[in-house]
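Tertiary structure, described
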Amino acid sequence: MGRKTVYNRIFNEKEWEQVNPKNKQLLMEWKTYLMSTDKSNGTIKQYENDMRILLIFLLRMAQNKFVIDLNKRDIISFQGYSMNEWKHSSNRVRRLKSCLSSLCNYVENIMDDLYPDFRNIVNKIESPTKKPVREKTVLTNEQVQHVLQTLVETKQYQKACVFALAANSGARLSELCRFKVSFFKEEHLVNGAYYKTPSKIRIKGRGREGSSKYKYILKAGFKEYFDLWMEERERLGIDTDELFVTRRNEQWVPATDGTLQSWKTKFTKILETDFYFHSLRHYLTTKLRANNIPDKIIKDFFGWESIDMIEIYDDNEAEDDFAKFFTAGGIKKVEKKTIDDI
């Protein structure tokens, strides 16, 4: 079984037609405000979907009450209904409340001329304890090599290339689709150890355009699978600079997030455990730390703002770290490494 998220289909057009018009108007004005503050389209869409769930609840269970008139009991009722009737996870409920709180902040700070006495009370209600809803997949070197070997043996060179790229760059799924063939010319190889993209790649970040950063890719562990894919591309007559492609209407077109999502099923089958591209981000962080790469180097490699991110992605157990420094004879002397040594 693949790693899945269960989505509750709460919203429907028939009920939406009955939603309080004042709530619809408030949602529309809030969306306009979010666009004016350069929120990304994805963020705005997520907020809209979350607010629609709240407004459907108000229609069903709170006499179609105007959001401005919500009291603490209404918020508690919504929180309980969401968990018990809609079976939302604690994390989902916390996100819905966060969305409502953001809307209330907008009303309090921007619409104070219309509602001078309004105050955001959402955060006065205790949220359910945050709990993991998925079991994390921790990949070993042996598992990663098994996937790559299996893909090569079955001549699935493009899938091997994308898997190797993710394992040696830590790039997110959406970022993988933005890599170009030309990124991996010899002139972009640094110290013979890693590639640095010649231009910045758009990454996850605030704003409609997101943020952009240079990406780094370890040569060892990636280059041989890149070369196999390049040979296959030549045989197939693919001449686009997009690294990953798919066949559509007898033409090769750039692969999309959906294309890579479909490949996850293959990786899951080979691993016999849930696979998601983010697990390779964890894998690479863990690998770099296990090789005693300094935290500052790891932070800069991924382009993180803080070394605190390393603790989130490092899957090493405490005992694994102890073993690097302690022996039966006492304390080991451990030399720091650089990326070039990996």
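What counts and what doesn't
Residues numbered from 1 in each chain as written. Predicted model: local features only at pLDDT ≥ 70, side-chain atom pairs only at ≥ 80, totals over all residues. Heavy atoms only, no water. Helix = DSSP H or I, 4+ residues; strand = E, 2+ residues; numbered from the N terminus. Buried < 20%, exposed > 50% of the residue type's maximum accessible area, 1.4 Å probe, protein only. Areas by Shrake-Rupley, 256 points an atom, 1.4 Å probe, with all protein chains shown as cover. Pairing = 2+ DSSP bridges. Core = buried A, V, L, I, M, F, W, Y, C linked by side-chain atoms within 4.5 Å. Expected span 1.5 Å × (residues − 1). Axes fitted to C-alpha atoms, helices over the stretch in contact; angles between N-to-C directions. Parallel < 35°, antiparallel > 145°, perpendicular 65-115°, else oblique. Contact = heavy atoms within 4.5 Å. Nonpolar A, V, L, I, M, F, W, Y, C, P; charged D, E, K, R; others polar. Salt bridge = Lys/Arg side-chain N within 4 Å of Asp/Glu carboxyl O. Left-handed = near helix turned anticlockwise from the far one by under 90°. Phe/Tyr/Trp six-rings, centres within 6.5 Å; stacked < 30°, edge-to-face > 60°.

Time to look at the overall build of the protein. For the protein, the count of helices and strands is 14 helices and 9 strands. Split into buried and exposed, the 342 residues of the protein put 43% on the buried side. Taken as a whole, the protein presents about 19400 Å² of accessible surface, with 47% of it coming from carbon and sulfur.

The subject of this paragraph is the pairing of strand 7 (residues 251-254). Pairing of strand 6 (residues 245-248) with strand 7, which is carried by 4 bridges, proceeds in the antiparallel orientation. Among the inter-strand pairings, Val245 is bridged to a residue of strand 7, identified as Pro254. What sits between the antiparallel neighbours strand 6 and strand 7 is a turn of 2 residues, in which Asn249 has the positive phi angle 50 degrees.

With that settled, the discussion passes to the sheet that holds strand 1 (residues 189-190). Backbone-to-backbone hydrogen bonds pair the strands of a sheet. The strands run either parallel or antiparallel. Reading across from one edge, 1-2-5 is the order of the 3 strands in this open sheet, with antiparallel pairing throughout. Every other strand in the sheet has two partners, leaving strand 1 and strand 5 (216-218) as the edge strands with one partner each. Strand direction decides the pairing type here: strand 2 (residues 194-196) and strand 5, joined by 3 bridges, are antiparallel. Note on strand 5: the bridge partner recorded for Tyr194 is Leu218.

As a rule of thumb, soluble globular proteins bury nonpolar side chains together. Counting 45 residues, the largest nonpolar core has Phe179, Phe184 and Leu243 as the members making the most contacts within it. Every element with two or more residues in this core is listed here: helix 6 (141-153), helix 7 (157-169), helix 8 (173-176), helix 9 (223-236), helix 10 (257-271) and helix 11 (278-290). The dominant element in this core, judged by the number of residues it contributes, is helix 7, at 9 residues. Residues Trp30, Leu54, Val107 and Ile125 belong to the second largest nonpolar core, which totals 38 residues.

Side chains of residues three or four places apart in an α-helix project in the same direction, reflecting 3.6 residues per turn. Along its 14 residues, helix 9 runs 20 Å from first to last C-alpha, staying within 8% of the 20 Å computed at 1.5 Å per residue. The positive-phi residue at the C-terminal boundary of helix 9 is Gly237, with phi of around 75 degrees.

Phi is positive for Glu250, close to 65 degrees, though the residue is something other than glycine. Here Glu250 falls in the exposed class, since its relative accessible area comes to 65%. Positive phi, close to 65 degrees, is recorded for Asn292, a residue that is not glycine. A relative accessible area of 14% places Asn292 in the buried class.

The next thing to look at is helix 10. Counted at 1.5 Å a residue, the expected span for helix 10 with its 15 residues is 21 Å, and the 21 Å between its end C-alpha atoms agrees. Those residues of helix 10 that fall on the buried side of the exposure criterion are Thr259, Leu260, Trp263, Lys264, Phe267, Thr268, Ile270 and Leu271.

When two helices pack together, their arrangement is captured by the angle between the axes and the distance separating the axes. Close contact between helix 7 and helix 10 brings their axes to 11 Å; oriented N to C, the two are set at 95 degrees. Here helix 7 lies roughly perpendicular to helix 10, going by the angle between them. Contacts between helix 7 and helix 10 involve Gln158, Lys159, Val162 and Phe163 from the first element and Leu260, Trp263, Lys266 and Phe267 from the second. Classifying every residue of the contact of helix 7 with helix 10 by side-chain character gives 5 nonpolar, 1 polar and 2 charged.

All right, on to the pattern of salt bridges then. In the structure shown here, the tally under the stated rule is 18 salt bridges. In this structure, Asp74 engages Lys65 in a salt bridge whose closest nitrogen and oxygen atoms are separated by 2.7 Å. Its relative accessible area of 13% is what places Asp74 among the buried residues. Taking relative accessible area as the criterion, Lys65 reaches 22% and is therefore assigned partly exposed. Among the salt bridges present, the one from Glu242 reaches Lys180, with a minimum N-O distance of 2.6 Å. Of this pair, Glu242 sits in the loop between helix 9 and strand 6 while Lys180 sits in the loop between helix 8 and strand 1, and the two are 62 residues apart along the sequence. Taking relative accessible area as the criterion, Glu242 reaches 18% and is therefore assigned buried. Looking at Lys180, the relative accessible area reads 23%, which means it is partly exposed. Through salt bridges with shared partners, a single network forms among Arg289, Asp295, Glu311 and Asp314.

Quick look at the packing of helix 11 against helix 12 (residues 295-302) now. With their axes 10 Å apart at the nearest point, helix 11 and helix 12 run at an angle of 150 degrees to one another. Relative to helix 12, the element helix 11 lies roughly antiparallel. The element helix 11 and its partner helix 12 pack so that their crossing is right-handed. Residue-level contacts link Arg281, Leu284, Thr285, Leu288 and Arg289 of helix 11 to Asp295, Ile298, Phe301 and Phe302 of helix 12. Partitioning the contact of helix 11 with helix 12 into residue classes produces 5 nonpolar, 1 polar and 3 charged.

A few words now on the packing of aromatic side chains. Each aromatic ring pair is specified by the distance between its two centres and by the angle formed by the two planes. All told, the structure shown has 22 aromatic pairs when counted by the stated rule. On the numbers, 4.8 Å between centres and 45 degrees between planes, the contact of Phe184 with Phe222 is tilted. Remark: Phe222 occurs in the loop between strand 5 and helix 9 and Phe184 occurs in the loop between helix 8 and strand 1; sequence separation between them is 38 residues. Classification of Phe222 as buried rests on a relative accessible area of 0%. Relative to Phe275, the ring of Phe267 lies with its centre 5.3 Å away and its plane at 85 degrees, an arrangement referred to as edge-to-face. Across this residue pair, the class does not change: Phe267 and Phe275 are buried.

The values reported here are purely geometric and, on their own, carry no functional implication.
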